[in-house]
Amino acid sequence: MEKNFIIAGFGGQGVLLAGEVLANAFMLDDKNVTWYPSYGAEMRGGTVNCEIVMNDSGDVSSVNKAETDFILALNQASFDRFLPKVKKGGWMIANSTLVEEKKSRDDINYFFVPVTKLADELGNSKMTNILSLGVLAKISKLTSLDTLEKALDNVLPAHRKNLLPLNCKALKIGYEYDLSAVK
């Protein structure tokens with residue numbers, strides 16, 4: 001079964017790190033995976049996205065597909081840009097702190113979660129990406145919280161290992177967030 005993910009936001013939100021952690025988690029789960037980053041010449045503030053393609057029973061096909069199973073949009077521009085790419089029955093997960101809660105399509109599933117607000121309450125808005133990754137993992141049911149924590153440990157550079165406990169806490173907050181109220 002192949003599944004496709006797009007994580008998108010603006011530069012500085014840690015979009016590429018979140019995608020790398022997700023791809024690493026899939027590898028730890030013995031799945032075939034491709035991680036493909038995309039960003040403009042500007043880093044902070046510019047549009048950034050990455051695509052992760054995972055297959056648990058065969059080779060991974062190409063990236064940049066016409067349709068996507070899961071989109072994680074961390075800002076309004078990403079929501080607007082990628083909404084048309086969600087395949088029928090797919091999932092749009094949006095950061096409702098920065099994205100207007102509108103459902104213009106009735107053939108997909110929406111989750112609007114205030115991930116930046118939750119990260120602020122955790123004490124660090126830079127945890128938005130990792131917190132939202134916990135939400136995505138819970139919705140997709142394709143990897144576990146434990147595997148994500150191991151992947152995060154693998155991906156974080158040595159000079160950021162001191163942030164591992166806070167990142168794991170953010171993952172857990174996202175993974176355990178009550179989604180019944182935000183669908």
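Preceding this section is the structure that the text describes.
Below, the structure is looked at part by part. Values in this document were obtained by computation on a predicted structure and should not be read as measured data. (Residues numbered from 1 in each chain as written. Predicted model: local features only at pLDDT ≥ 70, side-chain atom pairs only at ≥ 80, totals over all residues. Heavy atoms only, no water.)

As for its placement among the helices and strands, Ser 96 is situated in the loop between β5 (86–95) and β6 (109–113). Ignoring sequence-local partners within four residues, the contact set of Ser 96 consists of Glu 101, Phe 112, Val 113 and Pro 114. (Helix = DSSP H or I, 4+ residues; strand = E, 2+ residues; numbered from the N terminus. Contact = heavy atoms within 4.5 Å.)

Next up on the list: the state of the cysteines. Tallied over the full model, the rule gives zero disulfides. As a non-bridged cysteine, Cys 50 has Cys 168 as the owner of its nearest cysteine sulfur, 19 Å distant. Looking at Cys 168, the relative accessible area reads 16%, which means it is buried. (Disulfide = S-S within 2.5 Å. Buried < 20%, exposed > 50% of the residue type's maximum accessible area, 1.4 Å probe, protein only.)

What follows is about the nonpolar core. In this structure, Phe 5, Ile 7, Leu 22, Ile 52, Leu 133, Leu 136 and Leu 152 are the most contacted members of the largest nonpolar core, which totals 43 residues. Apart from residues no more than four positions distant in its own chain, Leu 152 is found in contact with Val 21, Ile 130, Leu 164, Asn 167, Cys 168 and Leu 171. Of all hydrophobic cores here, the second largest spans 14 residues; its members include Ala 73, Val 99, Tyr 110 and Phe 112. (Core = buried A, V, L, I, M, F, W, Y, C linked by side-chain atoms within 4.5 Å.)

Moving on to the sheet that holds β6. Here we have six strands laid out as an open sheet, ordered β2-β3-β1-β4-β5-β6, and mixed in their pairing. Single-partner strands in this sheet number two, and they are β2 (32–39) and β6. Direction aside, the axes of adjacent strands within the sheet are offset by 15 degrees on average. The sheet contact formed by strand β1 (residues 2–10) and strand β3 (residues 47–55) spans nine bridges and is antiparallel. Along β3, the bridge assignment pairs Phe 10 with Thr 47. (Pairing = 2+ DSSP bridges. Axes fitted to C-alpha atoms, helices over the stretch in contact; angles between N-to-C directions.)

Here we come to the environment of Lys 169. Considering the arrangement of structural elements, one finds Lys 169 in helix α6 (residues 164–176). Under the relative-accessibility criterion, Lys 169 is labelled partly exposed at 49%. Here the alpha-carbon distance between Lys 169 and Gly 134, two residues 35 residues apart in the chain, equals 9.9 Å.

As a further point, take the pairing of β5. Strand direction decides the pairing type here: strand β4 (residues 68–73) and β5, joined by five bridges, are parallel. Looking at β5, one finds that Phe 70 is bridged to Trp 91. You can see the chain leave β4, run along helix α2 (residues 76–82) and come back into β5, and the turn it takes is right-handed. Sheet analysis places β5 next to β6, joined by five bridges and oriented parallel. Within β6, the residue paired with Asn 95 across the bridge is Val 113. (Right-handed = clockwise from strand over helix to strand, strands pointing away.)

On to the environment of Thr 143, then. Summarising the element assignment, Thr 143 is placed in the loop between α4 (128–140) and α5 (145–155). You can call Thr 143 buried: its relative accessible area is 7%. Put simply, Thr 143 and Leu 28 are 115 residues apart on the chain and 9.3 Å apart in space, counted from C-alpha to C-alpha. Within polar-contact distance, the side chain of Thr 143 engages the side chain of Asp 29 at 2.7 Å. (Polar contact = N/O pair within 3.5 Å; in protein donor to acceptor, adjacent residues only side chain to side chain.)

Further remarks concern the pattern of salt bridges. Inspection of every chain in the model, using the stated rule, returns six salt bridges. Here Lys 117 makes a salt bridge to Glu 121, at a shortest N to O gap of 3.3 Å. A residue pair is termed a helical-turn pair when its members lie 3 or 4 positions apart in one helix, as Lys 117 and Glu 121 do in helix α3 (residues 115–122) at four residues. Lys 117 gets classed as partly exposed once you look at its relative accessible area, which sits at 47%. (Salt bridge = Lys/Arg side-chain N within 4 Å of Asp/Glu carboxyl O.)

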